[in-house]
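Observations on chain architecture
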Amino acid sequence: MLPSGLPEVVADDEPLARFLMSSSQFNALMVKPAAYMPSAKDGNTSVFRHGAEPRESLLEIAGTHVVGERTLHGVAICTAQQVRASELNVVAQEPPPRHANITGWPVVANDPEQTKAQQKERALLIAQHAVLVRVPR
Amino acid sequence: MLEPVSAVTIQLGLAALYSLARPGSAVSREAQVVQQVANDAVNSVERSWALFGRKASAISELSALANECAHEGWDGGDARPIDPQAVSKAIAFMRALPDSLPLPEMTAEPDGAVSLDWIRSRNRLLSVSIGAGDRLAFAWLDGSDRGHGVARFVEGVVPARIVDGIAAIMDVRDAAVRAA
């Protein structure tokens, strides 16, 4: 059991929240794939193990661990199963509480653009299923 | 010495052009030719305005995005600032797009690249990454079909694979797209 009280293994049916700090990361139709692209620093995509509800605790996580002085524009919610169906994985990574990483992004040796293209295809697969929670301003 | 042309002068010139282009009682061969030439000129001016306005608006949107994502960690994590070279290349890319294609939506990526997205529906979209280099990574979903690739953007020519991909995803069936 992790300090947050959550199990160490992220179950397939667990919802994952990705906080969106730019309104350009989504449109009226969907969350854009770029929102799920991995960090250039650690090669993972940071998510929190939380669904759209309860809204108060979702926004509290964002406020405490992500937003800082920036503005939260929305939250993308998908399930761990949808991530795994995209040939990626989700691994718990606390602290902070409830934090997890989307891992396993493909890397092509000595070819950053091929790496990016393959990663983008997987991001498209996740984004097509993600549910957008808009944050009222 | 060249002198600036005022908006009023342009308006007056266009007003004259519109009056010549208006369907009227031109009966002589010469009058019909003048009317046809004026018509063609009006169409050309209107088309240029529509296209320039569209692309100018997209470029302005990209500039706003570049400002919004100009600092480290703009995504609440450790995203790199948007790369000014990527922005310049994205502008060149949009200017080079065939006019019959729709313009993309855009967003920043965590590595500082610009993502240009053509979104028809949740499972019909194409996304191109533009970084500082000439090689563009792209990927698409088209129902159950999907894929990715890399193409080179050089000398202001949008790679044919990307043009064809956008046309297919966005249902553009203009022959001019293929010829571009």
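The notes below deal with the structure included here. Everything numeric in this text was worked out from a predicted model, so none of it was measured.

As for the overall build of chain A
A tally of helices and strands in chain A yields 3 helices and 6 strands. Counting from the amino terminus, helix and strand elements in chain A follow one another as β-β-α-β-α-β-β-α-β. The C-alpha radius of gyration computed for chain A amounts to 14 Å, which stays within 12% of the reference 14 Å derived for 137 residues, consistent with globular compactness. With the principal axes as the frame, chain A shows a C-alpha extent of 45 × 35 × 25 Å. Evaluated residue by residue, chain A yields a buried proportion of 56% over its 137 residues. Summed over its atoms, the accessible surface of chain A is roughly 6000 Å², and 52% of this surface lies on carbon and sulfur atoms.

Observations concerning the interface of chain A and chain B
The partner chain B presents 40 residues to the 36 residues of chain A that form the contact. In this assembly, chain A packs against chain B so that about 3200 Å² is buried in total across both faces, 52% of it on carbon and sulfur atoms. Contact with chain B buries surface across chain A, with A:Lys120, A:Glu121 and A:Leu124 losing the most and accounting together for 17% of the total. For the pair chain A and chain B, the interface holds 9 salt bridges. Between B:Arg146 and A:Glu121 there is a salt bridge, with its nearest N and O atoms 2.7 Å apart. For the pair chain A and chain B, the interface holds 20 residue pairs in polar contact (both at pLDDT 80 or more). Within the residue set of the side of chain A that touches chain B, elements represented by two or more residues are β1 (15-20) and α3 (112-127) of chain A. Sort the elements by how many residues they give to the side of chain A that touches chain B and α3(A) lands first, with 10 residues. Class assignment of the residues belonging to the side of chain A that touches chain B gives a composition of 15 nonpolar, 11 polar and 10 charged.

Focus on the side chain of B:Lys55
Residues and elements named next belong to chain B. For Lys55, the position within the fold is in helix α2 (residues 29-68). Classification of Lys55 by relative accessible area gives buried; the value is 11%. Excluding its chain neighbours within four sequence positions, the residues that come into contact with Lys55 are Met94, Arg95, Leu97, Asp99 and Leu103.

Digging into unusual backbone geometry
All names here are of chain A. Of note, the amide linkage connecting Glu94 to Pro95 takes the cis form, showing an omega dihedral of -5°. Relative to the elements of secondary structure, Pro95 occurs in the loop between β4 (89-92) and β5 (99-103). Between Pro95 and Pro96 the backbone carries a cis peptide bond, its omega angle lying at -5°. Relative to the helices and strands, Pro96 resides in the loop between β4 and β5.

Some details on the side chain of A:Ser39
Structurally, A:Ser39 is set in the loop between β1 and β2 (45-48). The class for A:Ser39 is buried, based on a relative accessible area of 10%. Here the side chain of A:Ser39 touches A:Lys41 through a polar contact of 2.9 Å, landing on its backbone nitrogen. Not counting residues within four places of it along the chain, the set of residues in contact with A:Ser39 comprises A:Asn44, B:Asp78 and B:Pro110.

Observations regarding helix α3 (residues 84-96) of chain B
Residue and element names in this part refer to chain B. End to end, α3 covers 18 Å across 13 residues, agreeing with the expected 18 Å (1.5 Å per residue, within 8%). Of the positions making up α3, those classed as buried are Ala86, Val87, Ala90, Ile91, Phe93 and Met94. Looking down the long axis of α3, one finds its buried residues gathered within 160° of arc, a one-sided arrangement. Exposed residues pointing more than 90 degrees away from the buried face of α3 are listed as Pro84, Gln85 and Arg95. Among the residues of α3, the N-terminal cap falls to Asp83, whose side-chain oxygen and the backbone nitrogen of Gln85 are separated by 2.8 Å.

Section: the pattern of salt bridges
Residues and elements named next belong to chain B. Enumeration according to the criterion identifies 18 salt bridges over all chains in this entry. With its nearest N and O atoms 3.1 Å apart, the salt bridge here joins Asp142 to Arg124. Of this pair, Asp142 sits in strand β4 (residues 135-142) while Arg124 sits in strand β3 (residues 124-130), and the two are 18 residues apart along the sequence. Among the salt bridges present, the one from Asp171 reaches Arg124, with a minimum N-O distance of 3.2 Å. Here Arg124 lies in strand β3 and Asp171 lies in the loop between α4 (160-169) and α5 (175-179), a separation of 47 residues in the sequence.

Observations concerning the nonpolar core
If you look at the biggest cluster of nonpolar residues, it comprises 38 residues, and the most contacted ones within it are B:Leu62, B:Phe93, B:Trp118 and B:Ile162. When contributions to this core are tallied by element, the ones reaching two or more residues are α2, α3, β1 (105-108), β2 (114-121), β3, β4 and α4 of chain B. Counting 31 residues, the second-largest nonpolar core is a separate cluster that includes A:Met37, A:Val47, A:Leu88 and A:Ala123.

Some details on the sheet that holds β4(B)
Residues and elements named next belong to chain B. Strand order in this open sheet of 5 strands is β1-β2-β3-β4-β5, and the pairing throughout is antiparallel. Sheet topology places β1 and β5 (145-152) at the edges, where each strand pairs with a single neighbour. Ignoring which end each strand starts from, the neighbouring axes of this sheet average 20° apart. Bridge count for β2 against β3 is 7 bridges, and the pairing is antiparallel. Bridging across to β3, Ser121 finds its partner in Arg124. Strands β1, β2, β3 and β4 of the sheet are contacted by α3, whose axis makes an angle of about 45° with β2.

Cut-offs and rules
Residues numbered from 1 in each chain as written. Chains lettered and ligands numbered in written order. Predicted model: local features only at pLDDT ≥ 70, side-chain atom pairs only at ≥ 80, totals over all residues. Heavy atoms only, no water. Helix = DSSP H or I, 4+ residues; strand = E, 2+ residues; numbered from the N terminus. Rg over C-alpha atoms; globule rule 2.2 N^0.38 Å. Buried < 20%, exposed > 50% of the residue type's maximum accessible area, 1.4 Å probe, protein only. Areas by Shrake-Rupley, 256 points an atom, 1.4 Å probe, with all protein chains shown as cover. Contact = heavy atoms within 4.5 Å. Buried area = accessible area lost by both parts, 1.4 Å probe. Salt bridge = Lys/Arg side-chain N within 4 Å of Asp/Glu carboxyl O. Polar contact = N/O pair within 3.5 Å; in protein donor to acceptor, adjacent residues only side chain to side chain. Nonpolar A, V, L, I, M, F, W, Y, C, P; charged D, E, K, R; others polar. Expected span 1.5 Å × (residues − 1). Arc of directions from axis to C-beta. Core = buried A, V, L, I, M, F, W, Y, C linked by side-chain atoms within 4.5 Å. Pairing = 2+ DSSP bridges. Axes fitted to C-alpha atoms, helices over the stretch in contact; angles between N-to-C directions.

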